[in-house]
Amino acid sequence: MNEEEALELFSWHAFQNYSPKEDYIELSRRVVTYCGGLPLALEVLGSFLFGRSIGDWNSTLKKLEKFPDDKIQSKLRISFDALEEWQRHIFLHICRFFIGMDKNHVIKILEGCGLAAGVAISVLSERCLVTVNEKDKVMMHDLLRDMGREIVRQESPNHPERRSRLWREEDVIDVLRYESGTEETEGLALNLQRSGSMTFSTEAFRNMRELKLLQLKNVLLSGAVNKLPKKLRWLCLRGSSDFSLITEDKFLDAIYLVSMDLRYNRPAQYWEYFRRLGPLWALQKIDRSIGLLSQLALLNLKGCTKLKDLPEDFYMLRSVRTLVLSGCSKFEKLSKHIGKMDSLRTLVISGTAISEVPSSIDKMRNLDFSSRQGLKGLKRFTQDEISGPSQDETSGPSEDETSGPSEDERLAFAWQLTRPFLRAMGLGA
């Protein structure tokens, strides 16, 4: 990229125009020179300098002058250092754990960590530190990713267990093998190429009391599930052949958990909990105690080919925004109470056996266009206006209940969920 092309690219980000403002022409040329024509640096620094005073520009140029031409990460870090602390925190989480993931999923997980992720991702995007592609996936340039990881490494160069995030294979294996974890670590990832090639005890996480993000692929865990940190928000265990971790009532001790991914585990089942229950290909029935999940936002049952219906208690939930039933080939009927699900926006029923739906569904004001299109051509059936099952008839919470389910109710729900797994494994529950 020649100098004029570089100046134009920089100007689009710094001034939202093809050329600099008159008072900034010389300053702009100096910045372009220091960026060495690298498009990423031009975009990041241009976005950072947008709307700033000449004094801010001169201050930034002084910082650039300190770095040799080949120290591009140091130049990029100027924009990172200008972020607020909580925004830097989110950037570092993304650069290690969430590149390529759905933006809304990332936001939910990080909001579960007490971070305003939606606002932060907008800020990071404006400064070209992250991008969101046409599929709504969060992406990041490799140079920015490497810069973020180097920032974390520098937190404790010689003692990985003291870093805020762990991901390098050799570092993670050592920390888990020698059970040397500390409270400093908030996120840990270990992605092995070969399934079941290593096993670690849950005791290895005993001292990681602040761990919120845990991603293990093709790694087996042994030991009691209640040894996992109680502050976990995201638990990703892919490619494990051991389901023992989800067959104990104490799993629900992780009260802050907002996302659990057990994809590609054996038997061939996929369960993701995202204040939701996810696809279980062998699932035949959802227990009525699902009505206790007063904060349930999304129920994804895609591909549950043996599932025929949902309990009436589910339709009493007011928080559900998304219901996915695609590929549930034996699912025949939606409850007449579905019209009372005020928050429901997305309903996917393609590939089901549903041939008619309640007429009340046409009065659901929040249902999106795509969902309405999916209901076209189906017969409607009518029914008398009813208020729904009484509290005596359901296990769901009442309208004015604010305290949520009791511990006994939650444990009962955990047991109902795990019984199908135990039966499938021949444990006679």
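The sections below set out a description of the structure shown in this document. Everything numeric in this text was worked out from a predicted model, so none of it was measured.

1. A closer look at the pairing of strand 4 (residues 187–191)
At step 1: In terms of burial, strand 4 is a largely internal element, 4 of the 5 residues being buried.
At step 2: The parallel pair strand 3 (residues 165–166) and strand 4 is bridged by helix 10 (residues 169–177), and the resulting crossover is right-handed.
At step 3: In terms of strand pairing, strand 4 meets strand 6 (residues 213–217) through 5 bridges, oriented parallel. Pairing of Gly187 across the sheet is with Leu213, part of strand 6.

2. Digging into unusual backbone geometry
At step 1: Notably, Cys128 is not glycine yet its phi reads approximately 60°, a positive angle.
At step 2: Locating Cys128 in the fold gives a position in the loop between helix 8 (117–126) and strand 1 (131–132).
At step 3: Despite not being glycine, Glu179 shows a phi value in the positive range, around 50°.

3. Notes on the packing of aromatic side chains
At step 1: For the structure shown, the criterion picks out 9 aromatic pairs.
At step 2: Taken together, a centroid distance of 5.6 Å and an interplanar angle of 65° make the contact between Phe15 and Tyr24 edge-to-face.
At step 3: The buried category is assigned to Phe15, whose relative accessible area is 12%.
At step 4: Residue Tyr24 is classed as buried on the basis of its relative accessible area, which comes to 14%.
At step 5: Ring geometry for Phe80 versus Phe91: centroids 5.4 Å apart, planes at 55°, classification tilted. You can see Phe80 sitting in helix 5 (residues 72–81) and its partner Phe91 sitting in helix 6 (residues 85–98), a full 11 residues away along the chain.
At step 6: Residue Phe80 is classed as buried on the basis of its relative accessible area of 3%.
At step 7: With a relative accessible area of 0%, Phe91 lands in the buried category.
At step 8: Grouping aromatic residues by their ring pairs yields a cluster made of Phe10, Phe15, Tyr24 and Trp57.
At step 9: Its guanidinium or amino end placed over the ring of Phe381, Lys333 lies 5.2 Å from that ring's centre, counting from NZ or CZ.

4. Comments concerning the pattern of salt bridges
At step 1: Taken as a whole and assessed by the stated rule, the structure comprises 15 salt bridges.
At step 2: Of the charged contacts in the structure, one is a salt bridge between Glu3 and Arg29, with a shortest N-O distance of 3.3 Å. Separated by 26 residues along the polypeptide, Glu3 in helix 1 (residues 3–14) and Arg29 in helix 2 (residues 25–35) bring together distant segments of the chain.
At step 3: Relative accessible area serves as the criterion here: at 45%, Glu3 is assigned to the partly exposed category.
At step 4: Among the residues examined, Arg29 registers a relative accessible area of 27% and is labelled partly exposed.
At step 5: With its nearest N and O atoms 3.1 Å apart, the salt bridge here joins Arg209 to Glu183. Highlighted residues: Arg209 in the loop between strand 5 (198–201) and strand 6 and Glu183 in the loop between helix 10 and strand 4, separated in sequence by 26 residues.
At step 6: Here the salt bridges do not stand alone but share partners, grouping Arg163, Arg168, Glu170 and Asp171 into one network.

5. Some remarks on the nonpolar core
At step 1: Counting residues in each nonpolar core, the largest one holds 60 residues, and the members touching the most others are Phe10, Val31, Trp57, Phe91, Ile94, Phe98 and Leu144.
At step 2: Membership of the second largest hydrophobic core comes to 28 residues, among which are Leu317, Cys328, Leu375 and Leu378.

6. Let's talk about the packing of helix 6 against helix 7 (residues 103–112)
At step 1: For the pair helix 6 and helix 7, interaxial distance at closest approach is 12 Å and the crossing angle is 125°. With respect to their mutual orientation, helix 6 and helix 7 come out oblique. Pair helix 6 / helix 7 crosses with right-handed handedness. Every residue of helix 7 that contacts helix 6 at Ile90, His93 and Phe98 is listed here: Val106, Ile109 and Leu110.
At step 2: Tallied by class, residues from the contact of helix 6 with helix 7 come to 5 nonpolar, 1 polar and no charged.

7. Observations regarding the packing of helix 6 against helix 8
The geometry of a pair of packed helices is captured by two quantities: the angle between their axes and the separation between those axes.
At step 1: Contact geometry for helix 6 and helix 8: axes closest at 10 Å, N-to-C directions at 80°. The angle between the axes of helix 6 and helix 8 places the two elements in the roughly perpendicular class. In this structure, helix 6 contributes Trp86, Gln87, Ile90, Phe91 and Ile94 to the contact, and helix 8 contributes Ala117, Val119, Ala120, Ile121, Val123 and Leu124.
At step 2: Classifying every residue of the contact of helix 6 with helix 8 by side-chain character gives 10 nonpolar, 1 polar and no charged.

Definitions and cut-offs
- The numbers attached to residues start from 1 for each chain and follow its sequence in the written order.
- Totals for whole chains, interfaces and linings use every residue, but because this is a predicted model, local features are given only for residues with pLDDT of at least 70 and side-chain atom pairs only at 80 or more, for both listing and counting.
- The side-chain numbers reported here are obtained from all heavy atoms of the structure, hydrogens and water having been left aside.
- The classification of residues rests on relative accessible area computed with a 1.4 Å probe and restricted to protein chains. Under 20% of the type maximum is buried, over 50% is exposed, and intermediate values are partly exposed.
- Put simply, DSSP H or I for four residues or longer makes a helix, DSSP E for two residues or longer makes a strand, and each gets a number counted from the N terminus.
- Crossover handedness is defined by viewing with both strands directed away from the observer: a clockwise path from the first strand over the helix to the second marks the crossover as right-handed.
- Here, strands pair whenever DSSP counts at least two bridges between them.
- Stacked, edge-to-face and tilted are the three classes for Phe, Tyr and Trp ring pairs, Trp counted by its six-membered ring, which pair at centre distances within 6.5 Å; planes under 30 degrees apart are stacked, over 60 edge-to-face, the rest tilted.
- Remark: a charge is flagged as sitting over a ring if the NZ atom of Lys or the CZ atom of Arg is within 6 Å of the ring centre and within 35 degrees of the ring normal.
- The term salt bridge refers to a pairing of a side-chain nitrogen on Lys or Arg with a carboxyl oxygen on Asp or Glu at a separation within 4 Å.
- Definition of nonpolar core: a set of buried residues of the types Ala, Val, Leu, Ile, Met, Phe, Trp, Tyr and Cys, connected through side-chain atoms within 4.5 Å.
- Throughout, an axis means a line fitted to C-alpha atoms (over the contacting stretch in the case of helices), and angles, computed between N-to-C directions, take values from 0 to 180 degrees.
- When an angle is under 35 degrees it counts as roughly parallel; over 145 it counts as roughly antiparallel; between 65 and 115 it counts as roughly perpendicular; any other value is oblique.
- Handedness of a helix crossing follows the sense of rotation of the near helix relative to the far helix, less than a right angle counterclockwise being left-handed and clockwise being right-handed.
- Two residues form a contact once any of their heavy atoms are found within 4.5 Å.
- The classification used treats Ala, Val, Leu, Ile, Met, Phe, Trp, Tyr, Cys and Pro as nonpolar, Asp, Glu, Lys and Arg as charged, and all other residues, Gly among them, as polar.

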